[in-house]
Amino acid sequence: MIKITNLEKFYRTEEVETIALNKLSMEVNTGEFVAIMGPSGCGKSTLLNILGMLDDPDAGSYVFNGTEIAHFNERKRADLRKHNIGFVFQSFNLIDELTVFENVELPLIYTGVSSADRVKRVEEVLDKMQIMHRRNHYPQQLSGGQQQRVAIARAVVNKPKLILADEPTGNLDSSNGNEVMELLTDLNEQGTTIIMVTHSEHDARYSHRIIRLLDGQTVMENIMV
Amino acid sequence: MFKNYIKTAFRSLLKNKGFTAINILGLALGLCACLLIVFYVVDELSYDRYNTKHDRIFRVNSDLKLGENRKDYAVIMPPLAKTLIAEFPYVEDAVRVKNAYTIHVKKGDVNMVESKAAFADPSLFHVFTLPMLTGDAKTALAEPNSLVLTESTAVRYFGKTDVVGTTMTLNENQNFKVTGVIKDLPKTSHFNFDFFLSMATWEDSRSNAWLRNDYTTYVLLKDKADAKKLSASLNPFLYKVSGDQMKKEIGMSYNDFEKSGSYFRMDLIPLTDIHLKSNRIGELGANSTIQYVYIFSAIAIFILLIACVNFMNLSTARSANRAREVGVRKVLGSSRSFLVAQFLSESIMVTFFATIIALVFAVGLLPQFNQLAGKEMAVTSSTLIWLIPAAVFTVLFVGALAGSYPAFFLSAFQPIEVLKGKLSAGFKGGGLRSFLVVFQFGISVFLIMGTLVIKNQLNFIQTTNLGFNRDQVLVIQNAYELNKETKTFKNELTQLPGVTSATMTDFLPVSVNRRSTSIFFKDATLDQKNSIFPQSWEVDTEWIPTLDIKMAAGRNFAADRVSDSSAIIINEAAAKFLGYKNALGQTLYKSNGGKTELSNTVKYEVIGVMKDFHYSSMHEKIEPLIIRLAENNGSISLRVNASNLPALMSQIKTKWAGFSPVQMNYSFMDQDFDASYRSEQRVGTIFIIFTTLAIIIACLGLFGLAAYAAEQRTKEIGIRKVLGASVSAIVGMLSKDFVKLVVISIVFAVPLAWYCMTLWLQDFAYRVNIQWWVVAVAGLAAIAIAVITVSFQSVKAALANPVKSLKNE
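Naming follows an unreviewed UniProt entry, where chain B appears as Cell division protein FtsX of Mucilaginibacter pedocola. According to UniProt, the comment filed for chain B under the heading Subcellular location (unreviewed entry) is "Cell membrane".

As recorded in an unreviewed UniProt entry, chain A goes by the name Phosphonate ABC transporter ATP-binding protein, listed as coming from Mucilaginibacter pedocola. Annotation of chain A in UniProt includes, under Sequence similarities (unreviewed entry), the sentence "Belongs to the ABC transporter superfamily. Macrolide exporter (TC 3.A.1.122) family."

Structural data, given as structure tokens:
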């Protein structure tokens, strides 16, 4: 599904040039659950942003589903992104002014799904995440675990092929965290590819494979059994 | 999709109640003020447009130059109207209107004094659109001794409007037949009369004299006729028809007249220009000036700009709080145009609410505003025709204008930057926002300075030494009622304790009173080059002491000197115009009018020079004035020195009642004087009110902005406090940025305001100079306003517990 080759990304400030990704190559197959680990500043988030098409690389190749997209402009990337990728953030990033239902509905609006279909699909996914009873609440009325479930519901409502999760349990206690990891595992078992950035060895154990980064390079790959 | 925009917009507005309130209130205030001014300006511009033929109606003006004297008239000679109709096929009709000033109308046993009466030709109702309720418009004013009333006047006298055929008694013994009742004249008419008397009643109207100007004359051109063509033909035509009269009476041809450097020129002014652009001798009513329309339009635009700037500033300032939302939406697939549309619909929604509030308030405040502006504006169906589209346009335009910057600014956020929390750095720069604050405060400083200068000038007018004493002078306006007994009455009044002196004449130095000019020649050659065309007034011996006018040289008229009947007193301006070093003993020849020859003049000797005093508006220079002894019983002015004025008044009234059954009309000279500056006073008050509004709106904006700046720097403030910063240091730090901007705005605004106000002052012949303290006050006021506004927020931020703000991160 994803093949990146010699990917490079620099950050420049006035005096210093920092290499975030240094000729990084890796491959993720459809249906895989991959965890990316490494110390702060190793390039994990940069990699996730590029994989999620929120950012573009300075050099190298990024093939997504057989299409080279490293040179895509923002609009083309946004278009590809909204149909194929779901995001889960550490801080949930729900919109405070919208209810649970409306937050989950948002990606469907942007991909032009009809109103009747939207209701059906949102209800379906809320049901699956067991937060149907909270559908008319606002994010600030929910616990952290519930908020993250809404965020996951929002990430999957468009049936994306790939979910990118950036420390999804970072703001949760361990029982809520485990619940979220179970949800992601379920999704993966139903066929969604997942790439997750995490600091937690515990969470990483849910994945099939751990890629460890240091200074923008892959230093080790562990296959989980 | 659209529903989603509205929903998000609505909730976002609800969530930030304080912000929304400031935003809607500021905008509503601005729009309301703007709307009231628009009402005012529309009203000013709509004068005389009620006439369906207004684009074809013109008034004939004339300019006269005689030697070094220049006069501009709004009136023209009596036979011109009918001659124009006869000679120019494209002149459809013409009408003459002549002010009848005061008439007495019998109502029961009482004589009512009516001051709004005029003679008019029968064509009045063909040229002007004055709908007749009863009577025949074609013939109403055809016969002598017929008159047409306005609706409210008919009701006032008869309690009904169906009064055609009734007889009214005017001026004691003239019987007039009511031949028509018209609707009241619109307030937006440059003339306003209650009585129209048939011109045929007025003997003089049949005069064939071409060398006088005393009839206001309007011409109605045929459709598509060229006014310029008529305008250009007027003078050649006049020379043709009146050349003989000119030679016979003045003794020279128009050619020679022009060669001597003098001229007489006629011109046309469009009917709709009269109210704002005409201020000539013989106007039928007091007109306004286009200058005020400009000034008020400028203020309206300023206020609207300030309100829009507020909106932009507050919205972008708030962007930090909305950045995450933008980021999330972008990550979820929203395109930039979606976001732009979202923010625009939000700002259009705010504008919509603000417009509704503004409309409600503007309409609600209209009566008060009318009182202030001296107008009778009302919201009618014809107002709605422009008001509704204007409101829709305002909502869309102001909404889009005010929302465009935040919309494009917010939608341009890079999602990863935002989600990483990098935004605050980008927010702090806000170059445009700083520019907008400078702009806003620049306008405020400009308006403060403007207000101060206007206040100063008005104050100057009111307190300046006019050269005569207008306090404690009682004027009995209708003394002429007593005819030959006026003088006896005056003499009896002088006997009253509390009356210091009394003078009997119509000519008074308050500009609402009578004026008259005559030609005087310096020597017996009667050369026009050595002529003067001054105000020429008839007074008595008590005039100078009663008005407390000071003499520069010579003496006042004396009752016991017979020779004083051929003596004159001139003012300093006349002495200067005539080039006299020593005016005393000089002789002047006063023309009796008509042919220029010595037998047609009277010789006068100058026996005194009065110090100049202001007898007309401060807009104009003091012109030459010559007074001479003559009996004029127009009015009586008394200098009173009464500890008990009511008692004195009742004594005077009792005396009057012994002479005449008519009510005595009186006023005090200082009040008359104030009345003549009422339009300036009104403009001044309106200006001050709207300036205050503009400043309040600017403050609202700054208040909101300061709140967000403080919020934005919460963490910084927390760290500084932990490190030991005092509250005052933090307040200083937060206020400094804004004060810097205000100082910059002062630097820009002061020279501009100085320049503009100097231009405004040019219009006054007598004016104040703009003083340095005006600048200081305006500048300090702006800084003080800014500091106070900002301090509210800064102090709050500085007093907050740092632990709280740091824990949030």
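**Description of the overall build of chain B**
In terms of regular secondary structure, chain B is built from 25 helices and 23 strands. Judged by the C-alpha coordinates and their principal axes, chain B covers about 105 × 60 × 60 Å. Counting across all 809 residues of chain B, residues that qualify as buried make up 41%. For chain B, long-range pairs separated by at least 24 residues make up 82% of all intrachain contacts whose partners lie at least 6 apart in sequence.

**Some thoughts on the sheet that holds strand β2 (residues 17-28) of chain A**
Residue and element names in this part refer to chain A. Strand order in the open sheet formed by 4 strands is β2-β1-β4-β5, and the pairing between neighbours is antiparallel. Each of the sheet's edge strands pairs with one partner strand only, and the pair in question is β2 and β5 (67-68). Here 2 bridges tie strand β4 (residues 59-64) to β5, and the two strands are oriented antiparallel to one another. Within β5, the position partnered with V63 by the bridge is E68.

**Re the interface of chain B and chain A**
Contact with chain B, which involves 17 residues of that partner, is made by 17 residues of chain A. When contributions to the side of chain B that touches chain A are tallied by element, the ones reaching two or more residues are α1 (2-15), α10 (319-331) and α13 (415-420) of chain B. A per-element tally of the side of chain B that touches chain A places α1 of chain B first, with 5 residues. Classifying every residue of the side of chain B that touches chain A gives 7 nonpolar, 6 polar and 4 charged.

**Describing helix α1 (residues 44-51) of chain A**
All names here are of chain A. Across the 8 residues of α1, 7 count as buried, placing the element largely inside the fold. Listed as buried for α1 are K44, T46, L47, L48, N49, I50 and L51. One or two residues past the end of α1 sits M53, with phi positive at roughly 65°.

**Section: the pairing of β4 of chain A**
Residues and elements named next belong to chain A. Where strand β1 (residues 2-12) lies against β4, 5 bridges are found, and the strand directions are antiparallel. Bridge assignment links I2 to a residue of β4, and that residue is F64. Taking the residues that link successive antiparallel strands as the turn, the β4-β5 hairpin has 2 residues, and the phi of N65 there is positive, at about 50°.

**With respect to unusual backbone geometry**
With glycine set apart, most residues show a phi of negative sign, and most peptide bonds adopt trans. Although it is not a glycine, N65 of chain A adopts a positive phi angle of roughly 50°. The topology assignment puts N65 of chain A in the loop between β4 and β5. Despite not being glycine, N483 of chain B shows a phi value in the positive range, around 50°. On the secondary structure map, N483 of chain B appears in the loop between β12 (473-476) and α16 (486-495). Classification of N483 of chain B as exposed rests on a count of 11 C-beta atoms within 10 Å.

**Some thoughts on the sheet that holds strand β23 (residues 666-668) of chain B**
Residue and element names in this part refer to chain B. Reading across the sheet, the 4 strands line up as β13-β22-β12-β23 and stay open at both edges, with antiparallel pairing between neighbours. Looking at the sheet topology across the chains shown, the edges are occupied by β13 (499-504) and β23. The mean inter-strand angle of the sheet, taken between neighbouring strand axes irrespective of direction, is 20°. As judged from the 3 bridges shared by β12 and β23, these two strands associate in the antiparallel manner. Bridging across to β23, L474 finds its partner in F668. Helix-sheet contacts for α16 involve β13 and β22 (636-640), and the interaxial angle to β13 is about 165°. This element, helix α20 (residues 669-676), spans β12 and β23 of the sheet and lies at about 80° to β23.

**Some thoughts on the domain arrangement of chain B**
Residues and elements named next belong to chain B. Considered domain by domain, chain B is made up of domain 1 (1-46 + 292-429), domain 2 (54-277), domain 3 (452-462 + 677-809) and domain 4 (473-676). Here the C-alpha centroids of domain 3 and domain 4 sit 53 Å apart. With 7 residues of domain 3 in contact, the opposing surface of domain 4 contributes 7 residues. A breakdown of the residues in the side of domain 3 that touches domain 4 according to their chemical character gives 5 nonpolar, no polar and 2 charged.

**Some remarks on the UniProt feature "transmembrane region" (unreviewed entry) in chain B**
Residue and element names in this part refer to chain B. Taking the numbering used here, the UniProt-annotated feature "transmembrane region" (unreviewed entry) corresponds to residues 21-42, 292-317, 338-366, 386-413, 434-454, 686-710, 741-761 and 773-792. Between the end C-alpha atoms of residues 386-413 the distance is 40 Å, and the span holds 93% helix and 0% strand. From the first C-alpha to the last, residues 434-454 spans 30 Å; its make-up is 100% helix and 0% strand.

Conventions and cut-offs
- Residues numbered from 1 in each chain as written.
- Chains lettered and ligands numbered in written order.
- Predicted model: local features only at pLDDT ≥ 70, side-chain atom pairs only at ≥ 80, totals over all residues.
- UniProt positions renumbered as here; feature names shortened; annotations may be inferred.
- Helix = DSSP H or I, 4+ residues; strand = E, 2+ residues; numbered from the N terminus.
- Buried ≥ 20, exposed ≤ 12 C-beta atoms within 10 Å, placed from the backbone.
- Contact = placed C-beta atoms within 7 Å.
- Pairing = 2+ DSSP bridges.
- Nonpolar A, V, L, I, M, F, W, Y, C, P; charged D, E, K, R; others polar.
- Axes fitted to C-alpha atoms, helices over the stretch in contact; angles between N-to-C directions.
- Domains from an automatic or database assignment.

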